[in-house]
Amino acid sequence: MVSFSNNDAVFTMTISLSLSSPFFFFFFQLLFTVRTTSFSPVDHFAVACGNLGNIRSSDNRNWTGDIGSRIFSPIEPRNGLHSVVVNASVRKTVPYGTARLSYSEFSYSFPVTSGRKIIRFYFYPSSYDLNFLRSDSLFSVKASSLPLLMDYNASLAADKAAEETFFKEYVVTVDPGQRLNVTFMPSVSYENAYAFINGIEVFSSPTDLYYPNLDNIITGSNPVSRPSPSLPSSKSSKNAKNTRVIFIVGGVASGIVVLSLILLLIFLRFAKGSVKEGKSWWGQKTVAMSKTRKTQGTSLLSSDLCRVFSIDEIRAATNNFDDIFIIGFGGFGNVYKSYIDEGTIPVAIKRLKQGSQQGLQEFQTEIEMLSQLRHNHLVSLIGYCNEGNEMILVYEFMANGTLREHLYNSDHHSLSWIQRLEICIGAARGIHYLHTGTKHAIIHRDIKSTNILIDEKWMAKISDFGLSKVGPSGILRSNINISTVVKGSIGYLDPEYCMCQRLTEKSDVYSFGVVLLEVLCGRPPILRAVERQQQNLAEWVRRCVHEGEIGPAVDPFLRESMRPDCIEAYIEIALKCVANDGNERPAMGDVMLGLEFVLEMLRNEEEISSDD
Ligand SMILES: *[C@@H]1O[C@H](CO)[C@@H](O)[C@H](O)[C@H]1NC(C)=O
Ligand SMILES: *[C@@H]1O[C@H](CO)[C@@H](O)[C@H](O)[C@H]1NC(C)=O
């Protein structure tokens, strides 16, 4: 931690004021103090890339994860491929244990004060994934417009240094009113090139700091790219005891200032909005959220809207995870119903079982995905909590539960044929959006009737993105597949994906076809306690169609109410979806249109029969 002996007095004063002042007053007081003493506060940002929430390194420093973070979520170009986050395959110290990797450029924007800043990049070159081999990383890094690294081969650098992990450090000068933007760009000279980063630290470099090797430090006016060999250290160390006191005071004070500034920025932002709208700044947040919900079928990059809850808030909302609030459970853990924001917003709180590495990965994927996706037919993530060992996700509450519980094995009234079709169309829209509506294709990988949720207006929404895979869109859409370990749910798994371990959007189409059959037949995809030929739903319906007698397979509740031509059209769509050969399956958009057509047929018929 950098110490600032000159400013101790100012800081101590601020701290005591802050303790005795009301919340808002504290900010104004701080602002005032900063201005009148013309003190430039200490910037210190430590970002653990590919991490979620706060994490402490072994040297007791706090790192902020960039997943879903309000300030440190990476900025990515609209049309590029999306970055992914990964865990290192072996245990590594913070920040080397996780990374963000991308085939496209991505940036971080640091809200720094003006002046000299030290930037430190942490790298652990490794084969993170089959798609990202150690030897393929080749990228450039620039700070605002200043190039720091050009076509940099991180694995080569690590090999040369005979180190697995290393960091590189630069000094740049930031002009007043500017942010410090750090951009990672995969090399264009090598086809498989990707960029990656494990951690970034940015902190102010005070003018009175002594640089052991000033010549080796890159300054803004000079793009010669040589890192400094050692960390900057404070030169005032005559009296060891005195230094330690200053160190601690400076450390605490700078921490408080950074925190206060972040709060101040948030406050100013909301205060600005509230003047315009005549609303309190707390209210503003809710307004922003409901605005987003109303946006019809569009995606918003909404990391701004992903809230971080404290474990105390969650405990208060669930009466310390009282069983009476449980509304669901599964391999991942329990789901609780509760309310937030003084009982005004109903939510579903998903508490993941503790200590599962698999769970952690899926938890991160879910936040990463959902904090960036907003669509009428996708369940909205309101926020998350990741404190201590707790991994908790907070979703909008879906009053009518899962699709499955309306189909079989429950006390619910059976859904009408029209209701079922509307739900299927909603779900199809959600999946279609995942496949084509975002800048990169997303494969859900776990489409099933328990992952299609229904809200109070009977609108279907896709949930559970823990297994989703983001494909580099160019690659997926030109039908080159992602190879991956097979995951998903029995009965819904695409047979081709199981055999060849190649994943495409068509795997979701297969699973959705199984759901369509479930909806029609009112039974699970796999039943064991029945005749062999009826055990697998898809096979059975195929056989029935082949034999020209579909009646026995259809949900008894629907049998009388369904017109044969509608059933035929519907079954044709469903069976196309579950074709064994992925190439024969329709795209999700076609499935959606087909279902809409069936619904139209049904409505027309109803009109005609009611006119009679
Ligand atoms: C940094 O990035 C932000 C957000 O994308 C942008 O508004 C700003 O102009 C950039 N600043 C510089 C100095 O590049
Ligand atoms: C990076 O350097 C390594 C040698 O350590 C080499 O094997 C690899 O091909 C290089 N990668 C690129 C993309 O040039």
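Note: the structure precedes this text.
Once a new chain begins, its residue numbering starts again from 1 and follows that chain's sequence as written. Working convention: letters from A go to chains and numbers from 1 go to ligands, in the order in which they are written. Whole-chain, interface and lining totals are the exception, using all residues; otherwise, since this is a predicted model, local features are given only for residues with pLDDT of at least 70 and side-chain atom pairs are given and counted only at 80 or more. By convention in this description, side-chain values take in all heavy atoms of the structure and omit both hydrogens and water.

**Student:** I'd like a description of helix α11 (residues 505-521), backed by residues and values.
**Tutor:** The secondary structure listing takes helices from DSSP runs of H or I that are at least 4 residues long and strands from runs of E that are at least 2 residues long, numbered from the N terminus. The span you would expect from a helix comes to 1.5 Å times its residue count less one. The first and last C-alpha atoms of α11 sit 25 Å apart over 17 residues, in line with the 24 Å expected at 1.5 Å per residue. Residues adjacent in sequence count toward polar contacts only when both atoms are side-chain atoms; beyond that, a polar contact is any pair of N or O atoms within 3.5 Å, and within protein one must be able to donate a hydrogen and the other to accept it. Where α11 begins, one side-chain oxygen reaches toward the backbone nitrogen of Lys506, 3.0 Å away; that side chain belongs to Thr504.

**Student:** Any chance you could break down the sheet that holds strand β6 (residues 106-110) for me, citing the residues and the numbers?
**Tutor:** The four strands are arranged β6-β11-β8-β9 in an open sheet whose pairing can be described as antiparallel. Across the chains shown, the open sheet's two edge strands, defined by having one partner strand only, are β6 and β9 (146-152). Neighbour-to-neighbour, the strand axes of this sheet turn through a mean angle of 10°, independent of strand direction. If DSSP finds at least two bridges between two strands, the strands pair. To get an axis, fit a line to the C-alpha atoms, keeping to the stretch in contact for a helix; angles then go from 0 to 180 degrees between the N-to-C directions.

**Student:** Quick one: what's the story with the site of ligand 2, residue by residue and with numbers?
**Tutor:** For this purpose, a residue is taken to be near a molecule or strand whenever a single non-hydrogen atom of the residue falls within 4 Å of it. Neighbouring ligand 2 are Ser135, Leu138, Asn153, Ser155, Leu156, Asp159 and Tyr190. A distance of 2.3 Å separates an oxygen atom of ligand 2 from a polar side-chain atom of Asn153. Here ligand 2, which alone exposes 370 Å², has 60% of that area covered by the protein. Ten residues, namely Ala, Val, Leu, Ile, Met, Phe, Trp, Tyr, Cys and Pro, are considered nonpolar, four, namely Asp, Glu, Lys and Arg, are considered charged, and the remaining ones, Gly among them, are considered polar. Residue composition of the shell around ligand 2, grouped by class: three nonpolar, three polar and one charged. Accessible areas in this description were obtained via Shrake-Rupley with a 1.4 Å probe; residue shielding takes into account the shown protein chains only.

**Student:** Outline the packing of α11 against helix α12 (residues 537-546), supporting the account with residue identities and numerical values.
**Tutor:** It is at 10 Å that the axes of α11 and α12 come closest, and there the two elements cross at 65°. By the angle between their directions, the pair α11 and α12 is classed as roughly perpendicular. Handedness of the crossing formed by α11 with α12: left-handed. Residues Val514, Leu517, Glu518 and Cys521 of α11 form the contact with α12, whose participating residues are Leu537, Ala538 and Val541. Of the residues assigned to the contact of α11 with α12, the class counts are six nonpolar, no polar and one charged. Each angle receives one of four descriptions, namely roughly parallel if under 35 degrees, roughly antiparallel if over 145, roughly perpendicular if within 65 to 115, and oblique otherwise. A crossing counts as left-handed when the near helix is turned anticlockwise from the far one by less than a right angle, and as right-handed when that turn is clockwise. Contacts are assigned to residue pairs with any non-hydrogen atoms lying within 4.5 Å of each other.

**Student:** An account of helix α14 (residues 564-577) is needed here, citing residue identities and associated values.
**Tutor:** If you check α14, its first and last C-alpha atoms are 20 Å apart, about what 14 residues at 1.5 Å a residue would give, namely 20 Å. Buried residues of α14: Cys566, Ile567, Ala569, Tyr570, Ile571, Ile573, Ala574, Leu575 and Cys577, and no others. Note on classification: 1.4 Å probe, protein chains only; a residue is buried when its accessible area is under 20% of the maximum for its type, exposed when over 50%, partly exposed between these limits.

**Student:** Quick rundown of the pairing of β6? Include the residues and the values.
**Tutor:** Each regular strand displays side chains that alternate between the two surfaces of the sheet. Among the five residues that make up β6, five are buried, leaving the element largely enclosed by the rest of the structure. Neither face of β6 is open: one carries Phe106, Tyr108 and Phe110, the other Ser107 and Ser109, and all of them are buried. Pairing of β6 with strand β11 (residues 180-186) involves five bridges; the strand directions are antiparallel. In the sheet register, Tyr108 faces β11, and the bridge partner there is Val182.

**Student:** Go over the site of ligand 1 with me, naming the residues and quoting the values.
**Tutor:** Around ligand 1 sit Ile75, Ser109, Ser144, Gln178, Arg179 and Asn181, and those are all the residues in its vicinity. Within the side chain of Asn181, one N or O atom sits 2.4 Å away from an oxygen atom of ligand 1. For ligand 1, whose unbound accessible area comes to 360 Å², protein coverage reaches 46%. Residue composition of the shell around ligand 1, by class: one nonpolar, four polar and one charged.

**Student:** Before we move on, can you summarise the packing of aromatic side chains with the specific residues and values?
**Tutor:** Planes of paired rings set the category: under 30 degrees apart is stacked, over 60 is edge-to-face and the rest tilted, where pairs are Phe, Tyr or Trp rings (Trp by its six-membered ring) whose centres lie within 6.5 Å. Applying the stated rule across the entire model yields 25 aromatic pairs. A centroid spacing of 4.8 Å and a plane angle of 20° characterise the contact between Tyr103 and Phe132, whose relative ring orientation is stacked. On the criterion of sequence distance, the pair formed by Tyr103 in the loop between β5 (98-102) and β6 and Phe132 in the loop between β7 (115-123) and β8 (139-143) is long-range, its members being 29 residues apart. A relative accessible area of 25% means that Tyr103 is categorised as partly exposed. Taken together, a centroid distance of 5.2 Å and an interplanar angle of 15° make the contact between Phe106 and Phe184 stacked. Here the residue Phe106 occupies a position in strand β6, and Phe184 occupies one in strand β11, the gap between them amounting to 78 residues. Each member of the pair Phe106 and Phe184 is classed as buried. Taking NZ or CZ as reference, Arg120 lies 5.3 Å from the ring centre of Phe167, over its face. In our convention, an over-ring charge means Lys NZ or Arg CZ found within 6 Å of a ring centre and within 35 degrees of that ring's normal.

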